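# Fold and geometry: a report
So you can see what is in the structure, the chains are spelled out below.
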Amino acid sequence: MLKKYDWSITTKLIIVACGVVSVLLLTGGLLLLNYQADTIEIYHQEYQEKITHTLETRARDEQKALVANLRFNISIFSGSVAGYLFNYNEDDMRKALETFIAYPEVLAVKVIDEFGKDFAAAWKQEEILTGSTLPDNPAWKQARMIEAEVGHMEQTVGNIKVYYTDSVLVAKIRQRRTEALSDIRAFYKRSRHNLQSVVFNQIIGVVILLIILMLALWVSLRILMQKPLSLINQELKMLAKGKLTAKQINYKGHDEIAELTSSAQSLKNAMKRTITQANAIAAGNYSGEVQLLSEHDELGLALAHMTMTLRDMTAADKRREWFNNGLAKLDETTRGIQNINDLAGNIINFLAKYLEAQAGVFYIIKTENGQHCLWREAGYALPADMPEQFALGEGLAGEVALSKTPIMVEEIPDGYMTIQSSIINTKPCSLVLLPLFHEDKLQGVLEIATLQSLSERSLKFIEQAAPVIGIAIYTILAVKA
């Protein structure tokens, strides 16, 4: 029994719908806020990347200009001091180096003669110093270096190495970058502040719109859904109690409620069909096919499975009954008989009729002149020219006796056997030849001919009947002996 509730399903649907609308509006507002924030963030990043790229490009250009300026000054300086190096005038060379090293970017200068030996040098420490070579200073090894040849009268008389730094330039670049980033951060803060103001106004607008939509939705759903849902609810309550009514749910429309009404009516019709099918199964009628509502119809699938299971069980019982009845009748046919000819005749006549065969032969193993052979002891509907005796290995029967294995032949050789009646004279469609044993000793061969292929049931019956027939043959022959 359902618990008593205060709210109708319509009210719950309205609350859910209003909640969904609220969530959608709030979600839309959050997405819009996130989009605007992302837009500002992306613009901020792009603007910052653009400023950074511009500063980096300018820094590279200024560094290139610094190197070009140094190379130009070095080329002029090397030309002016070439004579000092050529004449090995070290004093004038040092004075010239003191002048050249006055450039703020230059840290040290070294002149090398044509033999690769240091000739003169100048460097900055606390003051400008000169000497024959540069002292060992790790800072110069880490500094940038430009090397140029010194030529005099179209002859190379040595090299000049200039060690320089771009620290002054780097400091300027860093200062520019710091100022640019400061401007960008200020712009970003202003943008975020403006965004917050806009978002606040949007939230107020969304809340007002949400209230209006909720009221409109509440009124509309109460009017459009209350009556039809109430009718469907009553019908489903009746179905839950197992009561089927003839009353139809009438609803005019082409919306979701119309589909719900149709589904409820389809459920009632399906229950009627299921009850009818269940009553038929209960009455023992398993031949009918259960109609499934869909591939997901679990009740219909269960009912169909039950019907199939009962059908298979009934068929299995009939097959088992047919086997048991046949073996019992075969036992009655052989019981009390003392003559092998009567036994063979009774067996072949019974098998031919029970298996609905058109012809059959019963062969017994006999010994003549010290040779085993197959002797036709009895037959059913045989042609007049059918041989009475076969040597082992002769014909199909002799082959079965020799190999001691059964044979089933679907393509009968011409002239082997014909089935005759007043209206037909034709060769059989199928032959089954089965050896008959008693304790692994061959007693005879059974041959069955039909105008149609033997069923699997008939073949299994012959296989089960063969040991019984073999024992019956052995018993009579043993008593006779």
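A few points on the structure. (Residues numbered from 1 in each chain as written. Predicted model: local features only at pLDDT ≥ 70, side-chain atom pairs only at ≥ 80, totals over all residues. Heavy atoms only, no water.)

## Brief notes about the sheet that holds strand S7 (residues 371-380)
Remark on secondary structure: sheet strands pair via backbone hydrogen bonds, oriented parallel or antiparallel. The line we're drawing: When DSSP locates at least two bridges between a pair of strands, those strands are taken to pair. Here a helix means four or more residues in a row that DSSP labels H or I, a strand means two or more in a row labelled E, and each is numbered from the N terminus. The axes used here are C-alpha line fits, helices contributing only the stretch in contact, and every angle between their N-to-C directions lies in the interval 0 to 180 degrees. A contact between two residues is defined here by any heavy atoms of the two lying within 4.5 Å.
On the basis of which strands lie adjacent, the open sheet formed by 6 strands has the order S8-S7-S6-S13-S12-S9 and antiparallel pairing. Of all the strands in the sheet, just strand S8 (389-391) and strand S9 (407-409) have a single pairing partner and so form its edges. Neighbour to neighbour, the strand axes of the sheet diverge by 25° on average, direction disregarded. The sheet contact formed by strand S6 (residues 359-368) and S7 spans 9 bridges and is antiparallel. Bridge pairing in S7 places Thr367 opposite His372. Relative to the sheet, helix H8 (residues 340-354) contacts S6, S7 and strand S13 (441-450), its axis offset from that of S7 by approximately 55°.

## A look at the nonpolar core
Here is the rule: Grouping buried Ala, Val, Leu, Ile, Met, Phe, Trp, Tyr and Cys residues that are joined through side-chain atoms within 4.5 Å yields what is termed a nonpolar core. Think of it in three bands: with a 1.4 Å probe and only protein chains considered, a residue is buried below 20% of the maximum accessible area for its type, exposed above 50%, and partly exposed in between.
By size, the foremost hydrophobic cluster in this structure holds 32 residues, and its most contacted members are Leu343, Leu351, Phe362, Phe461, Ile469 and Ile473. Looking at this core, the elements that each hand over two or more residues are helix H7 (298-334), H8, S6, strand S12 (430-438), S13 and helix H10 (456-480). The leading source of residues in this core is H8, at 9 residues. In this structure Ile473 touches Ile340, Leu343, Phe362, Ile364, Leu436 and Gln443, once residues within four positions along its chain are discounted.

## A few points about the sheet that holds strand S5 (residues 156-164)
Overall, antiparallel pairing links the 5 strands, which are arranged S3-S2-S1-S5-S4 in an open sheet. The sheet is open, and its two borders are formed by strand S3 (128-131) and strand S4 (144-151), each paired with just one other strand. Between one strand and the next, the sheet's axes are offset by a mean angle of 15°, whatever the strand orientation. By the bridge criterion, 7 bridges tie strand S1 (residues 106-113) to S5 in an arrangement that is antiparallel. In the sheet register, Ala108 faces S5, and the bridge partner there is Tyr163. In the packing of helix H3 (residues 90-100) onto the sheet, contacts are made with S1, strand S2 (118-124), S3 and S5, and the angle to S2 comes to roughly 30°.

## Re the packing of H7 against H10
Put simply, the rule reads: Under this scheme an angle from 65 to 115 degrees is roughly perpendicular, one under 35 degrees roughly parallel, and one over 145 degrees roughly antiparallel; angles in between are oblique. Handedness of a crossing follows from how the near helix is turned relative to the far one, being left-handed for an anticlockwise turn of less than a right angle and right-handed for a clockwise one. For this classification, Asp, Glu, Lys and Arg are treated as charged, while Ala, Val, Leu, Ile, Met, Phe, Trp, Tyr, Cys and Pro are nonpolar and the rest, including Gly, are polar.
Running from amino to carboxyl end, H7 crosses H10 at an angle of 25°, the nearest separation of the two axes being 11 Å. Viewed along their axes, H7 and H10 adopt a mutual orientation that is roughly parallel. The way H7 lies across H10 gives a crossing that is right-handed. Where H7 approaches H10, its residues Arg319, Trp322, Phe323, Gly326, Leu327, Leu330 and Thr334 are matched on the opposing element by Arg457, Ser458, Lys460, Phe461, Gln464, Ala465, Val468, Ile469 and Ala472. Grouping the amino acids of the contact of H7 with H10 by side-chain chemistry returns 9 nonpolar, 4 polar and 3 charged.

## Brief notes about H3
Filter applied, for reference: As used here, the arc is the angular range of directions from the helix axis to the C-beta atoms.
Listed in full, the buried residues belonging to H3 are Met93, Ala96, Leu97 and Phe100. Seen from one end, H3 has its buried residues packed into an arc of 105°, which puts them on one side. Across H3 from its buried face, at more than 90 degrees, point the exposed residues Asp91, Lys95 and Thr99.

## Some points on the pattern of salt bridges
Heads up, the rule is: Salt-bridge detection follows one rule: a side-chain nitrogen of Lys or Arg within 4 Å of a carboxyl oxygen of Asp or Glu.
This structure, assessed with the given rule, holds 6 salt bridges. Arg320 is the salt-bridge partner of Asp317, the closest N and O atoms lying 2.7 Å from each other. Of this pair, Asp317 and Arg320 both sit in helix H7, 3 residues apart, roughly one helical turn. Classification of Asp317 by relative accessible area gives partly exposed; the value is 42%. Taking the relative accessible area as the measure of exposure, Arg320 reaches 45% and is therefore partly exposed. We note a salt bridge from Glu388 to Arg376, for which the minimum N-O separation is 3.5 Å.

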